[in-house]
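Commentary on secondary and tertiary structure
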Amino acid sequence: YTNDHTFVKDGDGSWHAYGIIHHLPVSPWEETRFFHISASSVTQAKWEDHGYAMTAQPGVERVLWAPHVIQEKGTYYMFYNIGNMQKNAPEYASWGQLCLATSRDLFHWERHDRNPLFSDPGHARDSYILKYKDRYYYYYTRVLNEVDLRSAVAVRTGPDLLHWSGPRIAHVEPYEIYWGGDAESPFVIHKGGLFYLFICRAMTDYNQTAVYWSEDPEHFPVEQLVCTLPVHAAEVIYDEKGGWFISNTGWDKKGLYLAPLRWKKAD
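Now for a description of the structure that goes with this document. All residue numbers refer to positions counted from 1 along the written sequence of the respective chain. With the structure being a predicted model, the display of local features is reserved for residues of pLDDT at least 70 and the display and counting of side-chain atom pairs for 80 or more, all residues being used for whole-chain, interface and lining totals. Hydrogens are left out, water is left out, and the side-chain values use all remaining heavy atoms of the structure.

**Describing the overall build of the protein chain**
Put simply, DSSP H or I for four residues or longer makes a helix, DSSP E for two residues or longer makes a strand, and each gets a number counted from the N terminus. Scanning the protein chain from terminus to terminus reveals zero helices and 20 strands. By principal-axis analysis of the C-alpha atoms, the protein chain measures approximately 50 × 45 × 40 Å. Only heavy atoms matter for contacts: two residues are in contact if any of them lie within 4.5 Å across the pair. Within the protein chain, residue pairs in contact and separated by at least 24 positions form 48% of the contacts whose partners lie at least 6 positions apart. Surface accessibility of the protein chain: about 12500 Å² in total, with carbon and sulfur atoms responsible for 50%. When charges are counted, Lys and Arg contribute as positive and Asp and Glu as negative, whereas His and the chain ends are disregarded. We put the charge of a Lys on NZ, of an Arg on CZ, of an Asp on CG and of a Glu on CD. Counting 25 positive and 33 negative side-chain charges, the protein chain places the averaged centre of each group 3 Å from the other. All accessible areas in this document rest on Shrake-Rupley with a 1.4 Å probe, and a residue is counted as covered only by the protein chains that are shown.

**Re the packing of aromatic side chains**
Pairing of aromatic side chains requires ring centres within 6.5 Å, counting the rings of Phe and Tyr and the six-membered ring of Trp. Pairs whose planes differ by under 30 degrees are stacked, by over 60 edge-to-face, and all others tilted. Counted according to the given criterion, the structure contains 18 aromatic pairs. Taken together, a centroid distance of 4.9 Å and an interplanar angle of 75° make the contact between Trp-29 and Trp-65 edge-to-face. Note that Trp-29 is positioned in the loop between strand S2 (15–21) and strand S3 (33–39) and Trp-65 in strand S5 (residues 65–72), a separation of 36 residues in sequence. Residue Trp-29 shares its accessibility class with Trp-65, and that shared class is buried. Ring centres 5.1 Å apart and planes at 55° place the aromatic pair Tyr-238 and Trp-244 in the tilted group. Here's how the labels work: a residue is buried when its accessible area is under 20% of the maximum for its type, exposed when over 50%, partly exposed in between, all with a 1.4 Å probe on protein chains only. According to the relative accessible area criterion, Tyr-238 is partly exposed, its value standing at 43%. Here Trp-244 falls in the partly exposed class, since its relative accessible area comes to 22%. A connected cluster of aromatic rings, assembled from ring pairs, spans Phe-79, Phe-118, Tyr-138, Tyr-140 and Trp-164. Only when the NZ atom of a Lys or the CZ atom of an Arg is both within 6 Å of the ring centre and within 35 degrees of the ring normal do we say a charge sits over the ring. In this structure, Arg-156 is placed above the aromatic ring of Phe-118, and the distance from its NZ or CZ to the ring centre is 3.8 Å.

**Re a nonpolar patch on the surface**
Patch membership requires over 30% relative accessible area and the absence of a salt bridge. Like charges are linked within 9 Å, and nonpolar side chains (Val, Leu, Ile, Met, Phe, Trp, Tyr) within 5 Å. A pairing counts as a salt bridge when a side-chain nitrogen of Lys or Arg comes within 4 Å of a carboxyl oxygen of Asp or Glu. Among the surface-exposed residues, Leu-24, Val-26 and Trp-251 lie close enough to one another that they form a single nonpolar patch of about 250 Å² accessible area. Relative accessible area serves as the criterion here: at 48%, Leu-24 is assigned to the partly exposed category.

**Describing the sheet that holds strand S18 (residues 236–239)**
Strand pairing in a sheet relies on backbone hydrogen bonds, with the paired strands running either antiparallel or parallel. Within the open sheet, the three strands sit side by side as S18-S19-S20. Their pairing is antiparallel. Lying at the two open borders of the sheet, with one neighbouring strand each, are S18 and strand S20 (257–260). For this sheet the average axis-to-axis angle between neighbouring strands, irrespective of direction, equals 35°. When DSSP finds at least two bridges between two strands, those strands are taken to pair. Here four bridges tie S18 to strand S19 (residues 243–248), and the two strands are oriented antiparallel to one another. Looking at the pairing, Ile-237 lines up with Phe-245 of S19. Axis angles are defined between N-to-C directions and span 0 to 180 degrees, where every axis is a line fitted to C-alpha atoms and, for a helix, only to the segment in contact.

**Here we look at empty space enclosed by the protein**
A 1.4 Å probe that fits but cannot get out identifies a cavity on a 1 Å grid over protein atoms alone, an open set with protein on both sides within 12 Å along at least five of seven lines counts as a pocket, and a residue lines either if it has an atom within 4 Å of a point. Grid points are joined across faces, edges and corners, and a volume is the space filled by probe spheres set on the points. Considering all chains together, one arrives at one cavity of 30 Å³ or more under this definition. What the largest cavity holds in volume is close to 60 Å³. Forming the boundary of the largest cavity are Asp-4, His-5, Ala-66, Pro-67, Asp-126, Ser-127, Ser-185, Pro-186 and Glu-235. At the level of elements, strand S1 (2–9), S5, strand S10 (125–132) and strand S14 (184–191) are the ones that each hand at least two residues to the lining of the largest cavity. Per-class residue counts for the lining of the largest cavity are three nonpolar, three polar and three charged. Following the grouping adopted for this structure description, the nonpolar residues are Ala, Val, Leu, Ile, Met, Phe, Trp, Tyr, Cys and Pro, the charged ones are Asp, Glu, Lys and Arg, and the polar ones are all others, Gly among them.

Right, dumping it as structure tokens:
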């Protein structure tokens, strides 16, 4: 099965995807590899498999979860989570470690010597980077805090991809679980003067993604719901030829899928 993933386009116009891959039965704390596939166009029916992009380092990285890749000045930056090495980490709101690897060609990845970049409670994971007006916004899943286990999306900001502020809570879901499972896979789009936050409410409904709107990229009130979509761990991409697409994957699907996404103005 596959799960949290990311898409990026290379300099030649080909699309690449990376993400969690593991064999059934489902065992999140044994997910230690990222797949790598590519296609000459986003609508290509079957993408080429390039094997494993990265494998967890024994004794250092317990897992490899939820990569996100962004390109900046000829370098590709992959943000990902390595879990927590404590034996009982899966059983409480342990601090997830957010890390970085870089590549010049999308095939060879080098881990950054500053790893981990930071850690947060509630299995902090599911990185997503938005660049807006020369500022970077780093969104990720966690719990509200070590005592309040409501599912939350945090955001850090920075002038580049290496220096980050402390966390702010951008969104809170009422569901309480020590891994923040109702605010997974955050993804933010800036469109038409508004920001749209996509999150997977995996505990409420494994295959439900909720979309919220805001004028502030650091604050998405739960009252500002746009819609829900029947997809898990969704990523949104824009292709110059094909338009907008949204992905779908998860434990129950045995693969990664894409579908056209259409935006509709409110009546």
